[in-house]
Amino acid sequence: GRGGRGRGRGGHMTFSVEAVGIGRGEALPPPTLQPSPLFPPLEYKPVPLQAGEEIEYMLALKQEFRGAMKSLPYFIKPSAPKKDIERYSDKYQMPGPAENAIEWSPDWRQLPPELKIRVQKTRKERRTVPAPKRQAKVSADKEEAIKKLETLEKKEEEVTSEEEEE
Amino acid sequence: MTQAEIKLCSLLLQEHFGEIVEKIGVHLIRTGSQPLRAIAHDTGTSLDQVKKALCVLIQHNLVIYQVHKRGVVEYEAQCSRVLRMLRYPRYIYTAKTLYSDTGELIVEELLLNGKMTMSAVVKKVADRLTETMEDGKTMDYAEVSNTFVRLADTHFVQRCPWVPATENSDPGPPPPAPILVISEKDMYLVPKLSLIGKGKRRRSSDEDAAGEPKAKRPKHSTDNKEPIPDDGIYWQANLDRFHQHFRDQAIVSAVANRMDQTSSEIVRTMLRMSEITTPSTAPFTQPLSSNEIFRSLPVGYNISKQVLDQYLTLLADDPLEFVGKSGDSGGGMYVINLHKALGSLATATLESVVQERFGSRCARIFRLVLQKKHLEQKQVEDFAMIPAKEAKDMLYKMLSGNFISLQEIPKTPDHAPSRTFYLYTVNILSAARMLLHRCYKSIANLIERRQFETKENKRLLEKSQRVEAIIASMQATGAEEAQLQEIEEMITAPERQQLETLKRNVNKLDASEIQVDETIFLLESYIESTMKRQ
């Protein structure tokens, strides 16, 4: 390039370098052959951050907002990885959301119908779910979970009583 | 969209909505408008996941859809709207300063959920406020409603586009997607609701269901089978109105810094009077007469008419030209030069950056070139009274940082280099763009670092959360002090130190993000205002 040949200044430039203040015979700095460093040194120390009640409050708002979003149904977690082996803790984990189901109810009157998901599982059908049905389903899930826990409890009791006998 | 903006959008989407939404969102930002199947195909995501993601993005006003020929629906992402997520804390805080806790929670709920009906907002906010009140006290729906109406009247919240009421005399095939409309006059129209009720506290039995995923909680609350009175009427936060407020704030505080409190109050009054009459993108406000301003000054302010006139003259004569005089009737007609004010603010930002990055002598040269518009190398050395070698060095530093540029002015038609002037100049618009781009990069770096710090300490954080949960449940069941001590000691002293350091670092990084976003706002406002005038 133009300034590429940095040795002395035998090469000619397209503009008169005196005009921008490079005197005769003065050497130009060597060409840069690599990208700038990732953490360039800072010549001057940066000004300290703003402080005060306002900033403190906004900071709290920001962190709370972030936390809240993570627990709302809009946060779509990637699907759980397929189990490699059956694990003991599987018995105790609540069944996660069906892979296909959406966990909140958008207003389908204002969305393209092509975005609706047809869910196969009979238990968790969620087309347009009116409020009462939703509650019944939720309590059905709850009951199922409670039943599961109860049977597990019973099994455990059997196991411990067996152990005691030994 | 620049790479820096896309990167930042990606981080924001991922932090707030998870990786799947991030993938779809970033894809749309990169490629532009696309139909459903193309998105699924190009991103290698299952159709169902894409549908879920699009629902979330549309709900949060980050993606819109349009029906094209042959009934194909295409989805388009709004990159700049995604970037607004950085400003959410500021919107919420502003609502708090203007309309106290109730306003704060209303805006927060709208931002958390994207769109909501008024009745849903009122109910949720009343519940939340009731939680914080003393035992036995509850928040009345009417009070929350009132605040909501005030927010709508002052345009801080607005209606979302809605499905027009059509007559069903001609039910053709259903359209591939509902066409939503929005009309200026109905945008702030609050539906006539008579919301009666009080906020409810969460009962402790609800809290026992710790195993249930939180997603089930909203469904619990829709216990009532009453029809929703304002069904289908959704509201969102009006970000532009907040921006107008921020801009006014910035102008007022600039005047206060440059002159005094009284001048800033006068400017604030003028801006308040212009809120409704002047669109936010206008280069200057409608002219206001000195008499009108005098009548509109805040009640506590006891300055005489002459003093007001003196202040107005001073403001109009100030070289920064925040205020201009546009006529003599009515005691003098004055305007606020919004565009010029934004320009001054952007320029001040640039000067400040040059000063902090390159030193005050460099800043002096920068201000000099700004003032004189075009200067030759020699002239810079003379005017700034800085020796040639240093001046050269500083100019080149600023040149390579793109704060200053070289302008060629040929003396002869053949543009011969020896017969051409080379002048240093500051192009404020391009320097502002450069700095804005840098700000986006900075925030992306800050977020990545914060995520890294959190990830490094993940194990410790989880342990600390578990311990806190154990302590909380033990306190609820009335444990002894000694037992609590024992549990607390599960976290060793060095671990506590580590957690403290982590918290300090995360807070610093978060606070930095907020501060950089203030600069982004100023620069974006200036650039937008300049582009509109071209």
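Preceding block: the structure.
Calculation notes
- Residues numbered from 1 in each chain as written.
- Chains lettered and ligands numbered in written order.
- Predicted model: local features only at pLDDT ≥ 70, side-chain atom pairs only at ≥ 80, totals over all residues.
- Heavy atoms only, no water.
- Helix = DSSP H or I, 4+ residues; strand = E, 2+ residues; numbered from the N terminus.
- Buried < 20%, exposed > 50% of the residue type's maximum accessible area, 1.4 Å probe, protein only.
- Contact = heavy atoms within 4.5 Å.
- Areas by Shrake-Rupley, 256 points an atom, 1.4 Å probe, with all protein chains shown as cover.
- Pairing = 2+ DSSP bridges.
- Salt bridge = Lys/Arg side-chain N within 4 Å of Asp/Glu carboxyl O.
- Axes fitted to C-alpha atoms, helices over the stretch in contact; angles between N-to-C directions.
- Parallel < 35°, antiparallel > 145°, perpendicular 65-115°, else oblique.
- Left-handed = near helix turned anticlockwise from the far one by under 90°.
- Nonpolar A, V, L, I, M, F, W, Y, C, P; charged D, E, K, R; others polar.
- Expected span 1.5 Å × (residues − 1).
- Core = buried A, V, L, I, M, F, W, Y, C linked by side-chain atoms within 4.5 Å.
- Phe/Tyr/Trp six-rings, centres within 6.5 Å; stacked < 30°, edge-to-face > 60°.

Whenever I open this one, the overall build of chain A confuses me. Can you help?
Secondary structure summary: chain A contains two helices and zero strands in total. Relative to its 166 residues, chain A shows a buried fraction of 22%. Taking as baseline every contact in chain A between residues at least 6 positions apart, the subset at least 24 positions apart corresponds to 27%. Total accessible area on chain A stands at roughly 13,000 Å², and carbon and sulfur atoms take up 54% of it.

Quick question: what am I supposed to make of the overall build of chain B here?
In terms of regular secondary structure, chain B is built from 22 helices and 12 strands. Counting only C-alpha atoms, chain B reaches 80 × 65 × 60 Å along its principal axes. Buried positions account for 49% of the 534 residues belonging to chain B. A separation threshold of at least 6 residues defines the contact pool for chain B, and within that pool the share at least 24 residues apart is 65%.

Looking at this structure, how should I read the environment of Leu180(B)?
Residue and element names in this part refer to chain B. Positionally, leucine 180 belongs in the loop between strand 5 (157–159) and helix 9 (204–208). Given a relative accessible area of 29%, leucine 180 falls into the partly exposed group. Along the sequence, leucine 180 and cysteine 160 sit 20 residues apart, while their C-alpha atoms lie 8.9 Å from each other.

What is the right way to read the pairing of strand 12 (residues 420–425) of chain B from this model?
For a regular strand, side chains alternate in direction, first toward one face of the sheet and then toward the other. Residue and element names in this part refer to chain B. Across the six residues of strand 12, five count as buried, placing the element largely inside the fold. Where strand 10 (residues 374–375) and strand 12 come together, two bridges link them in antiparallel fashion. Across the sheet, the residue bridging to leucine 375 is tyrosine 424, located in strand 12. In this structure, strand 11 (residues 405–410) lies alongside strand 12, joined through six bridges in antiparallel fashion. Bridge assignment links isoleucine 409 to a residue of strand 12, and that residue is phenylalanine 421.

How do you make sense of the pattern of salt bridges when you look at a structure like this?
Oppositely charged side chains can form a pair if their charged atoms are brought close together. For the coordinates displayed, the defined rule picks out 34 salt bridges over all chains. Glu265(B) serves as the salt-bridge partner of Arg268(B), at 3.3 Å between the closest nitrogen and oxygen. In this pair, Arg268(B) and Glu265(B) both sit in helix 12 (residues 261–274), three residues apart, roughly one turn of the helix. The exposure class of Arg268(B) is partly exposed, given its relative accessible area of 39%. Among the charged side chains, a network of salt bridges with common partners joins Lys62(A), Arg66(A), Glu15(B), Arg450(B), Asp510(B) and Glu513(B).

What is the right way to read the environment of Lys372(B) from this model?
By the element assignment, Lys372(B) lies in helix 16 (residues 360–372). On the accessibility criterion, Lys372(B) (37% relative accessible area) is partly exposed.

Would you take a moment to explain the side chain of Ser274(B) for this structure?
Along the chain, Ser274(B) turns up in helix 12. Excluding residues that lie within four positions of it along the chain, Ser274(B) makes contacts with Thr285(B) and Leu288(B).

Help me understand the packing of helix 19 (residues 428–456) of chain B against helix 22 (residues 493–533) of chain B in this model?
Between two packed helices, both the angle of their axes relative to each other and the distance between the axes serve to describe the pair. Residues and elements named next belong to chain B. At a closest axis distance of 9 Å, the pairing of helix 19 and helix 22 adopts a crossing angle of 160°. Here helix 19 is positioned roughly antiparallel relative to helix 22, judged by the angle of their axes. Of the two possible hands of crossing, helix 19 and helix 22 adopt the one that is left-handed. Within the contact of helix 19 with helix 22, the residues separate by chemical class into 19 nonpolar, five polar and eight charged.

Is there a simple way to think about helix 12 of chain B in this case?
Along an α-helix, residues three or four positions apart point the same way, because every turn accommodates 3.6 residues. Helix length check: helix 12 of chain B, at 14 residues, gives a terminal C-alpha distance of 20 Å against a target of 20 Å (1.5 Å per residue), a fit within 8%. Judged by how many residues are buried, helix 12 of chain B sits mostly within the fold: 11 of 14 residues are covered.

Help me understand the nonpolar core in this model?
Core analysis: the largest hydrophobic core is formed by 129 residues, its most contacted members being Leu54(B), Tyr75(B) and Ile365(B). With 26 residues, the next largest nonpolar core counts Ala254(B), Ile303(B), Leu308(B) and Leu345(B) among its residues.

Where do I start with the packing of aromatic side chains in this structure?
For any pair of aromatic rings, the description rests on two quantities: the centre-to-centre distance and the angle between the ring planes. Applying the stated criterion across every chain, the model contains 11 aromatic pairs over all chains. Where Tyr88(B) meets Tyr91(B), the ring centres are 6.3 Å apart and the plane angle is 45°; that geometry is what we call tilted. Of this pair, Tyr88(B) and Tyr91(B) both sit in helix 6 (residues 88–113), three residues apart, which is roughly one turn of the helix. Classification of Tyr91(B) as buried rests on a relative accessible area of 0%. Put simply, the rings of Phe65(A), Tyr88(B), Tyr91(B), Tyr99(B), Phe156(B), Phe242(B), Phe246(B) and Phe521(B) touch in pairs and so form one group of aromatic residues.

Just checking my understanding: could you explain the sheet that holds strand 2 (residues 63–67) of chain B for this structure?
One key point about sheets: their strands pair by backbone hydrogen bonds, in either a parallel or an antiparallel sense. Residues and elements named next belong to chain B. Strand order in the open sheet made by the three strands is 1-3-2, with antiparallel pairing throughout. If you trace the sheet from one side to the other, it starts and ends with strand 1 (34–35) and strand 2, each paired once. Of the pairings in the sheet, the one linking strand 1 to strand 3 (residues 73–77) comprises two bridges and is antiparallel in character. Residue pairing in the sheet places proline 35 in a bridge with glutamate 74 of strand 3. Helix 2 (residues 19–31) rests against strand 1, strand 2 and strand 3 of the sheet, and its axis sits at about 95° to strand 3.

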